[in-house]
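Survey of secondary and tertiary structure
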Amino acid sequence: MKTILRGGFVVSGRSCKRADVLIDGEKIEKVGHVLKDAPWDSKVVDVSDCYLFPGFIDAHTHFDLDVCNTTTADDFESGTRAAIRGGTTSVIDFACPNKGETLAHGLKLWHEKADGKCWCDYGFHMTIDDWNESIERELDDMFAAGITSFKMYLTYPAMMLPDETIYRALKALKARGGICGFHCENAGVIDARIAELKAAGHGAEVSSHPLARPDYLEAEAVHRVLRIAQAADAPVIIVHTTNRAALAEIEAARKRGQTVYAETCPQYLLLDDSVYYDPDWSLAARFVCAPPIRTQDDAAALWHALKRGSVQTVSTDHCSFTLAQKDMGREDFTRIPGGLPGVETRGELIYTAGVAQHRISLADMCRALSENPAKLYGLYPRKGALAEGSDADIVVYDPNADHVLRGAELASKAGYTPFEGFKTSGSIRSVYLHGALAVDRGTLVGEKAGQYLAREKCML
């Protein structure tokens, strides 16, 4: 039996128009006025006055990750359950081999963590935290396995690489048509500032976290990696961009003719650094992430960049910990596990603070959450579009069904949301995955139908 979603507004990266969507099996058969052409026994679902988005893609999650002497609260089962409730039908997580381990080992381990456990489709980026001839030879195997995007760090001793290695790795990736994302912060100066803050008696204060990792140390690292990329003549992605100074470095590189893509996250668009100064230690600690949340001025700059297309994607960097895990750093702010839950709330937050507040359009939202990540990470047009032949991954958004975000009502095992008490403009009414209803008014009605996504090369 075919299914018709009737009477809604189909959103693309270019427009929003009233149209029906005919689903045949796992694929979209037609978008337009389809009722008169559809088989008589088609199931008709009335979605009048709702917006139909291509399934959202979250290209930056960390599920079942061992970090800070603990493990993230959400594994692939709970993380993807939260994702699909929030309209995210595909996630791309980070496979993270340790230094001294092979890329193949990391990929095998992440398949073991994810296979058969996911409520939505999933793929992997590959983290490069070590480099030698053997790892370079493994790159061909990664591409054969559908791993076409990678990540490197300019901070965290267990993961960061020196400039020479970054240069060599970028050249090797470019030769194969790959692309690399970067976590940009100046590790050495941050460590020095941490030592100064502790020596001054501020080691237990959550407010020391943003003081240790200021915006200009992020911008310096962005500048440095972009100059290395210029030398390697390689495209790069700056992940979780947080501030105006970093955006300026990205724009400067583009003016030089470089190919640079930028990602940001809801926490950097909707929150500001006042969260770190709450007198309640626990309330402040739950917002610790790296890079830190910045100022209102930085948030405004990010919204403007998103509107102009200077920031291409909005992911979450979902890296969740319970409040008990956050409490590990009560005596030392550097021991607070860094990361926030967010994979379930992204769509409603961006619609509410972006579209409903006229900061961005519906088309802008579609590009940032669906179309651009699909193109950037080699999934388009299978994903990221409501078009003939595309996967029938569909988000039905009801702009008139407002509600209040409550951590206790979310699927994440973190048990809280950074947006507690936030009133949304509308909400996600239903989600289709592979043409089957997966979520109906917040309730999962399908099965764990997530499939591994072997991806093509960047096409943005």
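Just above sits the structure.
Remember, it's a predicted structure, so these values are computed and weren't measured experimentally.

**Quick word on the overall build of the protein**
In terms of helices and strands, the protein carries 14 helices and 19 strands. Taken over the C-alpha trace, the protein has a radius of gyration of 21 Å; the compact-globule value for 460 residues is 23 Å, and the two agree within 12%. Overall, the protein is about 75 × 50 × 40 Å in size when its C-alpha atoms are taken along their principal axes. When each of the 460 residues of the protein is scored for burial, the buried share is 60%.

**A few points about the packing of aromatic side chains**
Counting across every chain of the model gives 12 aromatic pairs. Judged by centre distance (5.8 Å) and plane angle (35 degrees), the rings of Phe 124 and Tyr 452 are tilted. With Phe 124 in strand β10 (residues 121–127) and Tyr 452 in the segment after β19 (443–444), the pair connects residues that are 328 residues apart, well separated along the chain. A residue is classified by how much of its surface remains accessible, and Phe 124, at 0% relative accessible area, is buried. Classification of Tyr 452 by relative accessible area gives partly exposed; the value is 24%. Three or more aromatic residues joined by ring pairs form one cluster here, namely Phe 63, Phe 76, Tyr 122, Phe 124 and Tyr 452. Stacked on the ring of Phe 94, the Lys or Arg Lys 151 has its end atom at 4.5 Å from the ring centre. The ring of Tyr 380 has Lys 375 lying over it, and the distance from NZ or CZ to the ring centre is 4.8 Å.

**Quick look at the state of the cysteines**
One covalent bond between the sulfur atoms of two cysteine residues makes up a disulfide. In the structure shown here, the tally under the stated rule is 0 disulfides. Looking at Cys 184, it has no disulfide partner, and the nearest cysteine sulfur is the one in Cys 180, 9.7 Å off. Classification of Cys 184 by relative accessible area gives buried; the value is 3%. A disulfide-free cysteine, Cys 319 has its sulfur positioned 8.5 Å from the sulfur of Cys 68, the nearest such atom.

**A word on the side chain of Thr 313**
For Thr 313, the location among the structural elements is in strand β15 (residues 313–314). Dropping the residues within four chain positions of it, Thr 313 is found in contact with Ala 262, Glu 263, Thr 264, Ala 368, Asn 372, Pro 373 and Leu 376.

**Points about the nonpolar core**
What tends to happen in soluble globular proteins is that the nonpolar side chains get buried as a cluster. In this structure, Phe 53, Phe 150, Leu 170 and Phe 182 are the most contacted members of the largest nonpolar core, which totals 114 residues. In terms of residues, this core owes the most to one element, helix α7 (residues 215–232), which gives 8 residues. Among residues more than four places away in sequence, those in contact with Leu 170 are Met 152, Cys 180, Phe 182, Ile 228, Ala 229, Ala 232, Ala 234 and Val 236. Among the nonpolar cores identified, the runner-up in size contains 15 residues, and Val 47, Cys 50, Leu 52 and Tyr 432 belong to it.

**As for the sheet that holds strand β13 (residues 236–238)**
An order of β6-β9-β10-β11-β12-β13-β14-β15 is seen for the 8 strands of this open sheet, with the pairing classed as parallel. Sheet topology places β6 (56–61) and β15 at the edges, where each strand pairs with a single neighbour. Across 5 bridges, strand β11 (residues 149–153) lies against strand β12 (residues 179–183) in parallel orientation. Within β12, the residue paired with Ser 149 across the bridge is Ile 179.

**A look at unusual backbone geometry**
The linkage connecting Ala 290 with the following residue, Pro 291, adopts the cis geometry, with an omega of -5 degrees. Cis peptide bonds are those with omega within 30 degrees of zero, and the linkage from Tyr 380 to Pro 381 qualifies with 0 degrees. Tracing the backbone shows Pro 381 in the loop between α14 (362–376) and β16 (394–398). For Asn 69, which is not glycine, the phi torsion reads 60 degrees and is therefore positive.

**Considerations on the pairing of β10**
Moving residue by residue along a regular strand, the side chains alternate between the two faces of the sheet. A large share of β10 lies buried, amounting to 7 of its 7 residues. Neither face of β10 is exposed, since Asp 121, Gly 123, His 125 and Thr 127 on one face and Tyr 122, Phe 124 and Met 126 on the opposite face are all buried. Bridge count for strand β9 (residues 88–95) against β10 is 6 bridges, and the pairing is parallel. When the sheet's bridge partners are listed, Ile 92 is paired in β10 with Gly 123. Between the parallel elements β9 and β10, the chain passes through helix α2 (residues 103–114) in a crossover that is right-handed. Here β10 pairs with β11 via 2 bridges, running parallel. Bridging from a neighbouring strand, Thr 127 pairs with Lys 151 of β11. Handedness of the crossover is the feature at issue here: the chain leaves β10, passes through helix α3 (residues 133–144), returns alongside β11, and the resulting connection is right-handed.

**Digging into α14**
Its 15 residues give α14 an end-to-end C-alpha distance of 20 Å, which sits within 8% of 21 Å, the value for a rise of 1.5 Å per residue. Burial analysis of α14 places 14 of its 15 residues in the buried class, the great majority of the element. Of the residues flanking the end of α14, it is Gly 378, one or two places downstream, whose phi is positive at about 70 degrees.

**Brief notes about the pattern of salt bridges**
Enumeration over the complete set of coordinates arrives at 30 salt bridges. The partner of Asp 364 in a salt bridge is Lys 307, with the nearest N and O atoms 3.3 Å apart. In this pair, Asp 364 sits in helix α14 while Lys 307 sits in helix α11 (residues 296–308), placing the two residues 57 residues apart along the sequence. Among the residues examined, Asp 364 registers a relative accessible area of 6% and is labelled buried. For Lys 307, a relative accessible area of 42% puts it in the partly exposed group. Arg 406 is the salt-bridge partner of Glu 420, the closest N and O atoms lying 3.8 Å from each other. Of this pair, Glu 420 sits in the loop between β16 and β17 (427–433) while Arg 406 sits in the loop between β16 and β17, and the two are 14 residues apart along the sequence. By relative accessible area, which is 45% here, Glu 420 ends up partly exposed.

Rules of the game
- Residues numbered from 1 in each chain as written.
- Predicted model: local features only at pLDDT ≥ 70, side-chain atom pairs only at ≥ 80, totals over all residues.
- Heavy atoms only, no water.
- Helix = DSSP H or I, 4+ residues; strand = E, 2+ residues; numbered from the N terminus.
- Rg over C-alpha atoms; globule rule 2.2 N^0.38 Å.
- Buried < 20%, exposed > 50% of the residue type's maximum accessible area, 1.4 Å probe, protein only.
- Phe/Tyr/Trp six-rings, centres within 6.5 Å; stacked < 30°, edge-to-face > 60°.
- Lys NZ or Arg CZ within 6 Å of the ring centre and 35° of its normal.
- Disulfide = S-S within 2.5 Å.
- Contact = heavy atoms within 4.5 Å.
- Core = buried A, V, L, I, M, F, W, Y, C linked by side-chain atoms within 4.5 Å.
- Pairing = 2+ DSSP bridges.
- Right-handed = clockwise from strand over helix to strand, strands pointing away.
- Expected span 1.5 Å × (residues − 1).
- Salt bridge = Lys/Arg side-chain N within 4 Å of Asp/Glu carboxyl O.

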